Amino acid sequence: KLRAGSYEARFNLGRAYFKLRKYSTSIKHYDIAGKKHGYNAKLLVQIGNSYLGAKNYAKATEFYKKAIGKNSREVEAYKGLARCMEEQNNPSAAIVYLKEGANLTRDASLFAKMGEMYFKLRDYDLAIGAFRKAIELSVNNTRYRRLIADVYFEKKDYKKAATEYEKVIALNNEVVLPYLKL
């Protein structure tokens, strides 16, 4: 049973307002939880996420770094920092944070996002390597396979692109995009 003023109640209320995209209200409830019960790394990440949603990248970065200060293994903080850098059109800085997060866990989404950042930088070989790692960790993920196919397509290596698009279709014949490219 949740008490009205409990940490869990305030934390969950903050999350609900975050989902409603009412970021300042979300931050208010997270802050009440933190002031009453202490700011742990997960709470600091949620505050960072709210600032990120509000497009206040400086404050989001501040809170993600505070979260890492509390727990250097808080992978979600590294993901948040990478999103801040991506939103500010700085894929090179995003890659730095993604690599730090990837050193802590085997999370395919980190490698996929790294691949996207390398793709933005037009470093196609590194993008392919990152997507390959994501696929290794999540073999049946059609999105990651489509992304690596897109890189091959951009490199004009149509044979490898076609092979990867065919794998996407084999995994899910409902996916339309590979049909459009083939």
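Refer to the structure presented above.
What counts, and at which threshold
- Residues numbered from 1 in each chain as written.
- Predicted model: local features only at pLDDT ≥ 70, side-chain atom pairs only at ≥ 80, totals over all residues.
- Heavy atoms only, no water.
- Axes fitted to C-alpha atoms, helices over the stretch in contact; angles between N-to-C directions.
- Helix = DSSP H or I, 4+ residues; strand = E, 2+ residues; numbered from the N terminus.
- Parallel < 35°, antiparallel > 145°, perpendicular 65-115°, else oblique.
- Left-handed = near helix turned anticlockwise from the far one by under 90°.
- Contact = heavy atoms within 4.5 Å.
- Phe/Tyr/Trp six-rings, centres within 6.5 Å; stacked < 30°, edge-to-face > 60°.
- Buried < 20%, exposed > 50% of the residue type's maximum accessible area, 1.4 Å probe, protein only.
- Lys NZ or Arg CZ within 6 Å of the ring centre and 35° of its normal.
- Expected span 1.5 Å × (residues − 1).
- Polar contact = N/O pair within 3.5 Å; in protein donor to acceptor, adjacent residues only side chain to side chain.
- Salt bridge = Lys/Arg side-chain N within 4 Å of Asp/Glu carboxyl O.
- Core = buried A, V, L, I, M, F, W, Y, C linked by side-chain atoms within 4.5 Å.

This paragraph deals with the packing of helix α1 (residues 7–19) against helix α3 (residues 41–53). Where α1 meets α3, the closest approach of the two axes is 11 Å, and the angle between their N-to-C directions is 25 degrees. By the angle between their directions, the pair α1 and α3 is classed as roughly parallel. Pair α1 / α3 crosses with left-handed handedness. Across from Y7, F11, R15 and F18 in α1, the residues of α3 making contact are K42, L43, Q46, N49 and S50.

Aromatic ring pairs are defined here through the distance separating the ring centres and the angle between the ring planes. By the definition in use, this model includes 6 aromatic pairs. Measuring from centroid to centroid gives 5.7 Å for Y7 and F11, while their planes differ by 25 degrees, and the two rings are stacked. Taken together, the residues Y7 and F11, both in helix α1 and 4 residues apart, mark about one turn of the helix. Judged by its relative accessible area of 17%, Y7 falls in the buried class. Put simply, the rings of Y7, F11 and Y30 pair up and form one aromatic cluster. Note that K66 overlies the ring of F63, its terminal NZ or CZ placed 4.6 Å from the centroid. Here the guanidinium or amino end of K133 rests over the ring plane of F111, the centre of that ring lying 5.9 Å away.

Before going further, it helps to spend a moment on helix α7 (residues 108–120). An ideal rise of 1.5 Å per residue puts 18 Å on 13 residues; α7 measures up with 19 Å between its terminal C-alpha atoms. For α7, the full list of buried residues reads A108, L110, F111, A112, M114, G115, E116, M117 and Y118. Buried-residue contacts for α7 involve α5 (75–87), α6 (91–102), α8 (124–137) and α9 (142–154). Taken from the residues just after α7, R122 is the one with a positive phi, measuring 65 degrees.

Structurally, S26 is set in helix α2 (residues 23–37). A polar contact of 2.9 Å, which involves the side chain of S26, links it to the side chain of S50. When residues no more than four places from it in sequence are discounted, the contact partners of S26 are G14, Y17, F18 and S50.

This part takes up the pattern of salt bridges. Inspection of the entire model under this criterion finds 16 salt bridges. Note that E116 and R143 form a salt bridge whose closest N and O atoms lie 2.4 Å from each other. One end of the pair, E116, is in helix α7; the other, R143, is in helix α9, with 27 residues separating them in the sequence. Its relative accessible area of 17% is what places E116 among the buried residues. A relative accessible area of 38% places R143 in the partly exposed class. If you follow the salt bridges from partner to partner, you end up with E86, K113, E116, K120 and R143 in one network.

Counting 53 residues, the largest nonpolar core has Y64, C84, M114 and F131 as its most contacted members. Once residues lying within four places of it in the same chain are set aside, the contact partners of Y64 are V45, G48, N49, L52, A77, G80, L81, R83 and C84.

Function cannot be inferred from these measures alone, as they are strictly geometric.
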